[in-house]
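Topology and contacts: notes
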2 protein chains.
Amino acid sequence: MTYQIPLRDIQFVLHELLQVPAMLEDCGQPELDAGTIDQVLAAAGQFASEVIAPLNAPGDAHGCSMPSPGVVQTPPGFKKAYDEFTKNGWAGLACSPEFGGQGFPSVVANAVYEVFGGANMAWASYPGMSHATYVNVSANGSEEQKALYLPKIASGEWAGTMCLTEPNAGTDLGLMRTRAVAQPDGSYSITGSKIFISGGEQDLTGNIMHLVLARITDAPPGVKGISLFIVPKFIPDANGAAGARNGVVCGSIEHKLGIHGNSTCTINFDGATGWLLGAPNKGLAGMFVQMNHMRVLVGMIAIGLMEAAYQKALAYAKDRLQGRTSGARSSSEVADPIIGHADVRRMLLTQKANIEGARALALWTAQLSDLQRLHPDPARRNETAELLGLLTPLVKALSSDLAVEGTLLAMQVFGGHGYIRENGVEQHLRDVRIVGLYEGTNGVQAMDLLGRKVLADRGRQMGAFLDMAGAFAETCGPREAMREFAEPLAALAADIRQLTSELVATSAHDPHAAGAAAAPYLRLVGHLALAWTWARMAEVAFRNAGSTDPIYASKIATARFYFQRLLPQTAALCGEIRAGSSALMEPAVELL
Amino acid sequence: MTYQIPLRDIQFVLHELLQVPAMLEDCGQPELDAGTIDQVLAAAGQFASEVIAPLNAPGDAHGCSMPSPGVVQTPPGFKKAYDEFTKNGWAGLACSPEFGGQGFPSVVANAVYEVFGGANMAWASYPGMSHATYVNVSANGSEEQKALYLPKIASGEWAGTMCLTEPNAGTDLGLMRTRAVAQPDGSYSITGSKIFISGGEQDLTGNIMHLVLARITDAPPGVKGISLFIVPKFIPDANGAAGARNGVVCGSIEHKLGIHGNSTCTINFDGATGWLLGAPNKGLAGMFVQMNHMRVLVGMIAIGLMEAAYQKALAYAKDRLQGRTSGARSSSEVADPIIGHADVRRMLLTQKANIEGARALALWTAQLSDLQRLHPDPARRNETAELLGLLTPLVKALSSDLAVEGTLLAMQVFGGHGYIRENGVEQHLRDVRIVGLYEGTNGVQAMDLLGRKVLADRGRQMGAFLDMAGAFAETCGPREAMREFAEPLAALAADIRQLTSELVATSAHDPHAAGAAAAPYLRLVGHLALAWTWARMAEVAFRNAGSTDPIYASKIATARFYFQRLLPQTAALCGEIRAGSSALMEPAVELL
């Protein structure tokens, strides 16, 4: 079966829940109305189903290869699909018209990347990464750099990468050794080796703009001495076209659990010419613009894979006749579809609730990035930036964890057939597993949330977030229909408020308190965010209770499932957090 | 790094916790003392590390192949390792001396198969399955059949398989179509096609004894018309040697997520000659002897893979320098080993607690199968059989679910490096995923536990189990040191008792109640079993508090971690179960 865009649900989120068209009108882009967005979604769905989804399993089986040193071939068909992608303007979807782009907001582009990722994550990760470099250069580049590079990225003629990791420097970028030596002409000579570079070399584009972290001679040690550079594979000539080959070579490609069609490269810089992007020694902050963009994007792609796996599991559960169900039986068959079994329902509804909840949450987060950039009111932009900072690690880690759990459940619905390659779910599991590991592991996301966003200001930002959730619950709670959602939501917000103040207190004297609590705290806040999102969706659905469109009944039923069957997990998380750090840190290393 | 047998922990479980030598003395086998068992474990560890572990990654990369129709090649080296295995008598480890075996109890054999599975699951699954057919024929075969086949299995000259699944009959074996037509000579002509047959064809043994479920002409429909047959690949000649080729052909092998070195075959029976094993139409019950044996065995193998993944993650966490830890810092390095980070500790201790808890639980279950077979007191044998029936689905489903979670965590400890093939953890994840799907999916295990074992007798057996756990808590609770374990254990037993009686009541009027509760109920009972096991291990450790052997301090620390940080999950499970079936079953299929 072929991947299909979950069109109605994305429309529900964009138009009805988030009211993106109204936001765009507020932000001075009234031409991007619901009809225009729907056209983009329809075209994205068609491209996903007809062009890249058919390349997904073959691309996995074939993988990337190095036919000769430094040369990387993507799987058959990837280049042709990429050419069609650029020809139809997709590379510039969320780029500024100033640089040849179409100017769609991030929330629409993220919805589209969920679809491209769900259809073919390995393929979609090439243009996804390129667009992230567009975001980086937009934010940090000089006017000259923007004029030189951004039109090439917006057209898709050139790709981009982010080069951070080194063999001894992953999470701890302060350990990186790649060095940059200033040249008389204002450029830098870059030397070092980077690993795990997605799309570091490929055969899709005429040039690759590497964005590289390196240390300028005599820079301070650690993260305060890291600068960001543009290091193109081919140096742009006087006309801005790809010119002389730079000293940048792909040394090898990795063999991985999944995303076989996406090249993961060791990139060696050997006196390569680079240009500083942003201020010297401020490279990490510069790169974080791109990193934060990527964290939401890969969260969306994870949701796309959950959706793809769910589509397969749902179809199988409706089709597979096995056993008699406890309730109504089909009279004409000796067995009933397994979707009638309560445990199969449990697995399917868990996927559905997590997919739709995470989708709405991630798209809301993407919308915040648009508001932060576009909204005319500076106060609104500022408060939006805080909320965005809180939600970004949550979206990345929660979506990717839920996606692994979801693809595992989809496989479980298939029984033994789920283990077989041709049914396709096993690839989704292998592919999606990377999302919890890259762009900062999910443990790093959890420490970002609890350490930098919550404890650093003694819970002020988190308090504001809880206020918003609590206010929503208070507003809709008095309505009888909403009570089943509003009451547990308000109670959870109060629990987290209390727990957060406990953590503020504990972490003042226990250096391990934050680390010990971080992972379950992120998941707990994830539940709050999902519960709030589901309550918001139920509220929209109740307002449309008279409609014949089945999505509204589906939203209410799924919200109910979420609150009744998944939200109880918060009790476990609170218990785990309150257990503190002693059981973790007291045992000597030798006892492990 | 090479897999190492977790020797000290297995010794702790066998000798100190389960007191296997004393059990064997009670059962009339005093010659199998601790020293003899230790020799077996040492030899198993050596064979695992030196012979089969080195074949694990290459076997995965190479996989099985079909060089010509009907012929299956296992990966290079598998045959040589198998020959060494049989030469050293491992195939007969738990076989009766009457048939050339060594007569070790199941609890020792299961400990050994954890080690073989941890070192190379794909390889170990060939002899593991063969031994399960030994168990089947031992229980169900005529004296003539036993004399003909069992020595060949015990020596490893021949292998065995179980042939149950058909394309349209997986969980629901009542749908199977393979037919058996009685022949004048007392044999049957078997025709049909079976899928997912592990080791259905291979190049390791001179013959394969297929144990096949089929319907005799005019048998009743459904599961009451299924019979069990021995269908050898080569028909034994007058001397009992492999003779004429039978009408049994491997049609194809599957491409799978993992266990690439273990052939998964479609086996076509085309008028093949078979002999009834056990009584006609009682085949399912006959096969369940083997199935129940396999469920414990695959649970053990899952634990072995968790252990293998943990060994890698632990070594990496001690070796990888990244970031400064919150507590003590190494002065000579710019970064500390990541094992100093609380979140890494959380991931490692979760694995350790689940591995050691599940290992002790599974080996206790294997010990019950020995007691049931060997104990001189029939009353003891009977009550043991009930407990074994309760624990078998639990061991299978809990161990395999924990093993997937554990290998995912091991990969997470590695960060991005965990996604790379050469680090080996990704193979463990791919391999272990099958355990939750085969030998009855974990959903089937959950329904077996809750439906057949708990609700069918209105909670009587479960009540007896809870009584035992509660009695343990009561006995050791007054001792100050044990209170932190005894009190939560007693409380959980009381909770489950209450919840079980609620489920007995609800299921009387709600046909979906059992299905809706089954999966979380199994996990909840799993927590009780693990908590009890950890409390028992802590009690042994406290008795050895003066010892310099670090295992006792390790057991107490890990028990504390389990009770403080993992046991809170029971609150979530109780909440999910009490939510009942309505959120699952009320939505129309179209709303999913």
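So, how was this worked out
- Residues numbered from 1 in each chain as written.
- Chains lettered and ligands numbered in written order.
- Predicted model: local features only at pLDDT ≥ 70, side-chain atom pairs only at ≥ 80, totals over all residues.
- Heavy atoms only, no water.
- Helix = DSSP H or I, 4+ residues; strand = E, 2+ residues; numbered from the N terminus.
- Rg over C-alpha atoms; globule rule 2.2 N^0.38 Å.
- Buried < 20%, exposed > 50% of the residue type's maximum accessible area, 1.4 Å probe, protein only.
- Contact = heavy atoms within 4.5 Å.
- Areas by Shrake-Rupley, 256 points an atom, 1.4 Å probe, with all protein chains shown as cover.
- Lys, Arg positive; Asp, Glu negative; His and termini not counted.
- Charge placed at Lys NZ, Arg CZ, Asp CG, Glu CD.
- Least-squares fit on C-alpha atoms with pLDDT ≥ 70 in both.
- Pairing = 2+ DSSP bridges.
- Salt bridge = Lys/Arg side-chain N within 4 Å of Asp/Glu carboxyl O.
- Axes fitted to C-alpha atoms, helices over the stretch in contact; angles between N-to-C directions.
- Parallel < 35°, antiparallel > 145°, perpendicular 65-115°, else oblique.
- Left-handed = near helix turned anticlockwise from the far one by under 90°.
- Nonpolar A, V, L, I, M, F, W, Y, C, P; charged D, E, K, R; others polar.
- Buried area = accessible area lost by both parts, 1.4 Å probe.
- UniProt positions renumbered as here; feature names shortened; annotations may be inferred.
- Phe/Tyr/Trp six-rings, centres within 6.5 Å; stacked < 30°, edge-to-face > 60°.
- Lys NZ or Arg CZ within 6 Å of the ring centre and 35° of its normal.
- Domains from an automatic or database assignment.
- Core = buried A, V, L, I, M, F, W, Y, C linked by side-chain atoms within 4.5 Å.

**Here's the deal with the overall build of chain A**
- Counting its regular elements, chain A contains 19 helices and 11 strands.
- Since a compact globule built from 592 residues should have a radius of gyration of about 25 Å, the 24 Å found for chain A is in line with a globular shape.
- If you line up chain A on its principal axes, its C-alpha atoms span 75 × 60 × 60 Å.
- The buried share among the 592 residues of chain A stands at 65%.
- The contacts in chain A between residues at least 6 apart in sequence include a share of 74% that link residues at least 24 apart.
- Carbon together with sulfur atoms contributes 53% to the accessible area of chain A, which is approximately 19900 Å² in total.
- Computed over 46 positive and 56 negative side-chain charges, the separation of the two mean positions in chain A equals 2 Å.

**So, the relation of the copies chain A and chain B**
- Note on the copies: chain A fits chain B at an RMSD of 0.0 Å, the axial shift is 0.0 Å, and the rotation between them is 180 degrees. Expressed as an axis order, the relation between the two copies is that of a two-fold axis.
- By residue overlap, the copies meet face to face through one surface: 100% of the interface positions of chain A are interface positions in chain B.

**Re unusual backbone geometry**
All names here are of chain B.
- Of note in the backbone geometry, Ile259 takes a positive phi value of approximately 35 degrees without being a glycine.
- Even without being a glycine, Asn281 presents a positive backbone phi close to 65 degrees.
- Tracing the sequence through the fold places Asn281 in the loop between β11 (264-276) and α9 (283-319).
- Note on Asn281: relative accessible area 26%, which makes it partly exposed.

**As for the pairing of strand β4 (residues 179-182) of chain B**
Residues and elements named next belong to chain B.
- Here β4 runs beside strand β5 (residues 188-198); their pairing, made up of 4 bridges, is antiparallel. Each bridged residue has a counterpart across the sheet, and for Arg179 the counterpart in β5 is Thr191.
- If you look at the hairpin formed by β4 and β5, you'll find 5 residues sitting between the two strands, and Gly186 has a positive phi there, around 95 degrees.
- Of the pairings in the sheet, the one linking β4 to strand β6 (residues 207-216) comprises 2 bridges and is parallel in character. The partner of Ala180 across the bridge, within β6, is Ile216.

**What about the pattern of salt bridges?**
All names here are of chain B.
- According to the stated counting rule, one finds 64 salt bridges over all chains in the structure shown.
- A salt bridge links Lys555 to Glu356; the nearest nitrogen and oxygen atoms lie 2.7 Å apart. With Lys555 in helix α17 (residues 550-566) and Glu356 in helix α10 (residues 342-374), this residue pair connects regions lying 199 residues apart in the sequence. Both residues of the pair, Lys555 and Glu356, count as buried.
- Put simply, Glu487 and Arg483 hold a salt bridge, and the shortest N to O gap is 3.9 Å. Remark: Arg483 and Glu487 occur in helix α15 (residues 483-507); sequence separation between them is 4 residues, near one turn of the helix.
- Classification of Arg483 by relative accessible area gives partly exposed; the value is 35%.

**Brief notes about the packing of helix α9 (residues 283-319) of chain A against helix α12 (residues 425-432) of chain A**
All names here are of chain A.
- With their axes 9 Å apart at the nearest point, α9 and α12 run at an angle of 165 degrees to one another. On the basis of their axis angle, the class for α9 and α12 is roughly antiparallel. Here α9 and α12 pass one another in a crossing that is left-handed. Of the residues in α12, those in contact with Ala302, Leu305, Ala308, Ala309 and Lys312 of α9 are Val425, His428, Asp431 and Val432.
- Looking at the contact of α9 with α12 residue by residue, the classes come out as 6 nonpolar, 1 polar and 2 charged.

**A short note on the interface of chain A and chain B**
- With 87 residues of chain A in contact, the opposing surface of chain B contributes 87 residues.
- Where chain A abuts chain B, roughly 7500 Å² becomes buried across the two surfaces, and 63% of that area is made up of carbon and sulfur atoms.
- Area buried by chain A at its contact with chain B is led by A:Tyr419, A:Arg565 and A:Leu592, which between them contribute 13% of it.
- Viewed at the interface, chain B and chain A are joined by 2 salt bridges.
- For the side of chain A that touches chain B, the element with the highest residue contribution is helix α17 (residues 550-566) of chain A, accounting for 8 residues.
- Across the side of chain A that touches chain B, the residue classes break down as 43 nonpolar, 27 polar and 17 charged.

**Observations regarding the UniProt feature "domain: Acyl-CoA oxidase/dehydrogenase middle" (unreviewed entry) in chain A**
- Under the UniProt annotation, the feature "domain: Acyl-CoA oxidase/dehydrogenase middle" (unreviewed entry) is placed at residues 162-270 of chain A.
- Along residues 162-270 of chain A, the helical share is 0% and the strand share 49%, with 17 Å between the first and last C-alpha atoms.

**Observations regarding the packing of aromatic side chains**
- Scanning all chains against the criterion turns up 34 aromatic pairs over all chains.
- For the pair B:Trp90 and B:Phe116, a centre-to-centre distance of 5.4 Å together with 90 degrees between the ring planes defines the contact as edge-to-face. Note that B:Trp90 is positioned in the loop between α5 (78-87) and α6 (106-119) and B:Phe116 in helix α6, a separation of 26 residues in sequence.
- Accessibility expressed as a relative area gives 9% for B:Trp90, which makes it buried.
- Since its relative accessible area comes to 1%, B:Phe116 is described here as buried.
- Members of the aromatic cluster, each reached through a chain of ring pairs, are A:Phe47, A:Tyr82, A:Phe85, A:Trp90, A:Tyr113, A:Phe116 and A:Trp123.
- Its end group placed over the ring of A:Phe234, A:Arg245 keeps NZ or CZ at 5.5 Å from the ring centre.
- Its guanidinium or amino end placed over the ring of A:Trp364, A:Arg536 lies 5.0 Å from that ring's centre, counting from NZ or CZ.

**Some details on helix α18 (residues 569-578) of chain B**
- Among all positions in α18(B), only B:Thr570, B:Ala572, B:Leu573, B:Cys574, B:Glu576 and B:Ile577 are buried.
- Those residues of α18(B) hidden inside the fold are in contact with α10 (342-374), α17 and α18 (569-578) of chain A together with α15 and α16 (513-543) of chain B.
- Once α18(B) ends, the next one or two residues include B:Gly580, with phi positive near 75 degrees.

**Structural notes on the domain arrangement of chain A**
- Domain parsing of chain A yields domain 1 (7-154), domain 2 (159-281) and domain 3 (441-585).
- Here domain 2 of chain A and domain 3 of chain A have C-alpha centroids that lie 39 Å from each other.

**Let's talk about the environment of A:Arg295**
Residue and element names in this part refer to chain A.
- Along the chain, Arg295 turns up in helix α9.
- What makes Arg295 buried here is its relative accessible area of 3%.
- For the pair formed by Arg295 and Gly89, sequence separation is 206 residues and the distance between their alpha carbons is 24 Å.
- The residues touching Arg295, leaving out its near neighbours within four places in the chain, are Phe288, Thr392, Lys396, Glu439, Gly440, Val444, Gln445 and Asp448.

**Let's talk about the packing of helix α15 (residues 483-507) of chain A against helix α16 (residues 513-543) of chain A**
Residues and elements named next belong to chain A.
- Orientation of α15 relative to α16, taken along the N-to-C sense of each, is 160 degrees, at an axis distance of 10 Å. On the basis of their axis angle, the class for α15 and α16 is roughly antiparallel. For the pair α15 and α16, the crossing hand works out as left-handed. Taken together, the residues of α16 that come into contact with α15 (itself represented by Phe485, Leu489, Leu492, Ala493, Ile496, Leu499, Thr500, Leu503, Thr506 and Ser507) are Ala513, Ala517, Tyr521, Leu524, Val525, His527, Leu528, Ala531, Trp532, Ala535, Ala538 and Phe542.

**Points about the pairing of β11(B)**
Residue and element names in this part refer to chain B.
- Bridge analysis of β5 against β11 gives 9 bridges, and the strand direction is antiparallel. Of the residues in β11, the one forming a bridge with Thr191 is Asp270.
- Relative to β11, strand β7 (residues 227-232) runs antiparallel, the two being bridged by 2 bridges. Within the sheet, the bridge partner assigned to Ile230 lies in β11 and is Trp275.
- As judged from the 5 bridges shared by strand β10 (residues 248-253) and β11, these two strands associate in the antiparallel manner. Note that in β11 the partner of Cys250 across the bridge is Ile267.

**Overview of the nonpolar core**
- In this structure, A:Phe116, A:Phe465, B:Phe116 and B:Phe465 are the most contacted members of the largest nonpolar core, which totals 426 residues.
- Ignoring any residue separated from it by four or fewer positions in sequence, one finds A:Phe465 in contact with A:Trp364, A:Leu387, A:Leu390, A:Leu391, A:Val525, A:Leu528, A:Ala529 and A:Trp532.

**A word on the side chain of A:Ser400**
Residue and element names in this part refer to chain A.
- In this structure, Ser400 sits in helix α11 (residues 378-413).
- On the basis of relative accessibility, which here comes to 1%, the residue Ser400 falls in the buried class.
- If near-sequence neighbours (up to four positions away) are discounted, Ser400 is found in contact with Ala302, Val395, Val435, Gly436 and Asn442.

**A word on the environment of A:Arg8**
- Structurally, A:Arg8 is set in helix α1 (residues 7-17).
- Each C-alpha atom of the pair A:Arg8 and A:Asp457 lies 40 Å from the other, and the pair is 449 residues apart in sequence.

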